[in-house]
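A structural walkthrough
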Amino acid sequence: MSTSTTASPTTRQPASPAQSNERAARAARRGTIGLGVVLVAQLMLVLDATVVNVALPHIQADLGFTPAGLSWVLNAYTLAFGGLLLLGGRLGDVFGRLRIFEIGLAIFTVASLLGGLATSPAWLIAARTLQGVGAAFAAPSVLALVTTSAPNEAARNRGLALFTAVSSAGASIGLLLGGILTDYVSWHWTLFVNVPIGAVVLVLARRYVTETPRIRGRFDVVGAITATLGSVSVVHGFISAADRGWASPVTIGSFVVGALLIALFVRTEGRVSHPLLPLALVRNRTRGGALVLMALVVGAQFSTFFLVTQYLQRVLGFSPVATGAAFLPLSLAIFATSRVSARLVAKVGPRPMLLVGTLGLTASFVWLSTMSTTSTYAAHLLGALVLNGVSAALVFMPVTVVVLGGVDRAQAGTVSGLLQTAQQLGGAVGLAAIVSVYASQAVPGQFVPGVEPAFLTSAAFTLVALLVAAFVLRPRPARVVAPVEPTRETVAVATADGAEAQ
């Protein structure tokens, strides 16, 4: 009888150090490629908000838009994007962020193809609306995938820095790309360009991006409907105010309907077991203040692109390509500052950066308000645009850190949607207010007369944002601001001597 023993067939030999290192390197490469894939998608979504701007005169001439109808080429995208962002964030939480990201990006890509093929105003507006729907589904999942895929806090902050750099500079890149495509190919390609990019991202996302866990629970149907329609009504009200005036029945009706729907949304969220937006997320003073600050800053920033673009072409006689190139210093300033913003936020905390950034933005808008018919780009605009870009980069990164600070992975998609909703609604509200001020001082046939009060209104927006950073985001005792769970998702939120990541 043999006494020999054999090893169990299920016994595994421990991996050698070389094998472990190879696996770690492979996982790191996969994570880096995955981050790049979702950031390319984010660039495409942000870029699309402005890429058609410099092409608007060509679109108007080709499709026969009226002056008022032409504004809906931009507004249709903003309405759908801003109104559906909360829903998009919640869908990602419930059904998986990668899945909703892919669905949203597929809708966006198909809508881009349809928009490029447009032969009538109604066709193009419908396609732009569908683009906004796809962007609203994809965008919250982009930020959630960035924040939940990072292996550690340092990688998370680097990912956020890249995300804010892409998001901030995308508008300027869109203007440049739109000018090039319009001048050298056709305005149709400002939409067609999304098709090959979207297709490649969809293929690579399935291979390199990891799906996130789903959240079990019932879907808040009433909350989704009231939040979506309420947001759309409010955004439509502000857009209508710029076109029809604040006393217009359409404007007033939009605000009334929006207010009623939002009130019903808040009431619903306080009663259902699985709310679309847990109210505790916005009751937090620090997070709520950061969202208000973001809305104010983005609202002011919209005036930079809207007014400066027209000034360059109508007053200085720039071509579409030259107009896009004129914004390159702003984009480069954002990218350069964003490279160090992650280290700055860990070293000094979000609040000092927000104070400096909002102060710099205020100064840049006051500077831009001095433009006249005798101004030149080099002497009067270049410095203001660089200051604006540096200051914007100092704001967007720490605001993102503050808003996502202490948020559980299960709520990352919801909070991401909330953050981007603040950006879109802030942009729509700010642009409507600034355009209304400009129109009240404008002289027919002249562009410059309304510029000064319009940019001073932008400066007022960022001055209020500065006050929010100074007084609303003030540090509280550690026991109040400390996150419930010290996970790697925890970030610093405005402590007395400079917060560091937990």
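Quick caveat: nothing in here was measured; it's all calculated off a predicted structure.

Things to note about the overall build of the protein
A count of helical and extended segments in the protein gives 20 helices and zero strands. Split into buried and exposed, the 502 residues of the protein put 53% on the buried side. Looking at the protein alone, contacts between residues at least 24 apart form 82% of all its contacts between residues at least 6 apart. Looking at the protein as shown, the accessible area adds up to about 21,200 Å², and 66% of this sits on carbon and sulfur atoms.

Description of helix α19 (residues 451-472)
In this model α19 runs 31 Å from its N-terminal to its C-terminal C-alpha over 22 residues, within 8% of the 32 Å that 1.5 Å per residue would give. Listing the buried residues of α19 in full gives V451, A454, F455, T457, S458, A459, F461, T462, A465, L466, V468 and A469.

Some words on helix α11 (residues 249-269)
Along its 21 residues, α11 runs 30 Å from first to last C-alpha, staying within 8% of the 30 Å computed at 1.5 Å per residue. Those residues of α11 that fall on the buried side of the exposure criterion are T251, S254, G258, L261, F265, T268 and E269. Considered in projection along α11, the buried side chains sweep an arc of 120° and stay on one side of the axis. Facing away from the buried side of α11 by over 90 degrees, the exposed positions are P249 and L260.

Here's the deal with a nonpolar patch on the surface
A cluster of nonpolar side chains, contributed by V110, L113, L114, L117, W123 and L130, occupies part of the molecular surface with about 480 Å² of accessible area. At the level of elements, α5 (97-116) and α6 (121-149) are the ones that each hand at least two residues to the nonpolar patch. No other element matches α5, which puts three residues into the nonpolar patch. Mapped onto the elements, L117 comes out in the loop between α5 and α6.

Side note on the nonpolar core
Judged by nonpolar contacts, the single largest core of 102 residues is most densely connected at F101, L293, L381, V395, V399 and F455. Residue contributions to this core peak at 15 residues, all from helix α17 (residues 377-404). Beyond its immediate chain neighbours, meaning those up to four positions away, L381 contacts V308, Y311, L312, L368, M371 and T376. Among the nonpolar cores identified, the runner-up in size contains 14 residues, and A55, L56, F65 and W187 belong to it.

Regarding the packing of aromatic side chains
Aromatic ring pairs are defined here through the distance separating the ring centres and the angle between the ring planes. One pass over the full model with this rule turns up seven aromatic pairs. Pairing F318 with Y377 gives two aromatic rings, centres 6.2 Å apart and planes at 50°, and the pair type is tilted. Of this pair, F318 sits in the loop between α13 (285-314) and α14 (320-326) while Y377 sits in helix α17, placing them 59 residues apart in sequence. Look at F318 and you get partly exposed, because its relative accessible area is 26%. Residue classification places Y377 among the buried residues on the basis of a relative accessible area of 18%. With a centroid separation of 5.4 Å and an interplanar angle of 40°, the aromatic rings of Y438 and F447 are classed as tilted. Look at Y438 and you get buried, because its relative accessible area is 12%. Site record: aromatic cluster; members linked through ring pairs are Y311, Y438 and F447.

As for the packing of α13 against helix α16 (residues 350-368)
Between α13 and α16, the least distance of the axes is 11 Å, while the angle of their chain directions is 30°. Judged by the angle between their axes, α13 and α16 are roughly parallel. Viewed along their axes, α13 and α16 form a crossing whose handedness is left-handed. Contacts between α13 and α16 involve L293, V297, A300, Q301, S303 and T304 from the first element and L354, T358, L361 and F365 from the second. The residue inventory of the contact of α13 with α16, partitioned by class, reads six nonpolar, four polar and no charged.

What to know about the pattern of salt bridges
Per the counting criterion, the structure on display carries two salt bridges. Residues R206 and E102 are paired through a salt bridge, measuring 2.4 Å at the closest nitrogen-oxygen approach. Placement of R206 in helix α9 (residues 194-208) and of E102 in helix α5 is noted, with a sequence separation of 104 residues between them. Judged by relative accessible area, E102 falls into the buried class, the value being 14%.

Focus on the side chain of R128
Relative to the helices and strands, R128 resides in helix α6. Side chain to side chain, R128 and Q131 meet in a polar contact 3.1 Å long. In this view, R128 contacts D48, V52, V73, L74, A76, Y77 and L191; residues no more than four positions away in its chain are not counted.

Topic: the packing of α13 against α17
Packing of α13 against α17 brings their axes to within 10 Å, and their N-to-C directions diverge by 155°. Judged on the interaxial angle alone, α17 and α13 are roughly antiparallel. In the crossing of α13 with α17, the sense of the turn from one axis to the other is left-handed. Across the contact of α13 with α17, the residue classes break down as 18 nonpolar, four polar and one charged.

Structural notes on the confidence of the model for the protein
Of all residues in the protein, 81% have pLDDT values of 70 or greater, and the mean over the chain is 79. Mean pLDDT values over the elements of the protein span from 39, in helix α20 (residues 478-481), up to 94, in α16. Within the model, the stretch residues 477-502 combines pLDDT values under 50 with 58 contacts to residues more than four positions away or in other chains.

Focus on the environment of V464
Topologically, V464 is positioned in helix α19. Judged by relative accessible area, which is 40%, V464 ranks as partly exposed. Sequence separation between V464 and T358 is 106 residues, and the spatial gap between their C-alpha atoms is 8.9 Å.

Rules behind the numbers
Residues numbered from 1 in each chain as written. Predicted model: local features only at pLDDT ≥ 70, side-chain atom pairs only at ≥ 80, totals over all residues. Heavy atoms only, no water. Helix = DSSP H or I, 4+ residues; strand = E, 2+ residues; numbered from the N terminus. Buried < 20%, exposed > 50% of the residue type's maximum accessible area, 1.4 Å probe, protein only. Contact = heavy atoms within 4.5 Å. Areas by Shrake-Rupley, 256 points an atom, 1.4 Å probe, with all protein chains shown as cover. Expected span 1.5 Å × (residues − 1). Arc of directions from axis to C-beta. Patch = residues over 30% accessible without salt bridge, like charges linked within 9 Å, V, L, I, M, F, W, Y side chains within 5 Å. Salt bridge = Lys/Arg side-chain N within 4 Å of Asp/Glu carboxyl O. Core = buried A, V, L, I, M, F, W, Y, C linked by side-chain atoms within 4.5 Å. Phe/Tyr/Trp six-rings, centres within 6.5 Å; stacked < 30°, edge-to-face > 60°. Axes fitted to C-alpha atoms, helices over the stretch in contact; angles between N-to-C directions. Parallel < 35°, antiparallel > 145°, perpendicular 65-115°, else oblique. Left-handed = near helix turned anticlockwise from the far one by under 90°. Nonpolar A, V, L, I, M, F, W, Y, C, P; charged D, E, K, R; others polar. Polar contact = N/O pair within 3.5 Å; in protein donor to acceptor, adjacent residues only side chain to side chain. pLDDT = per-residue confidence, 0-100.

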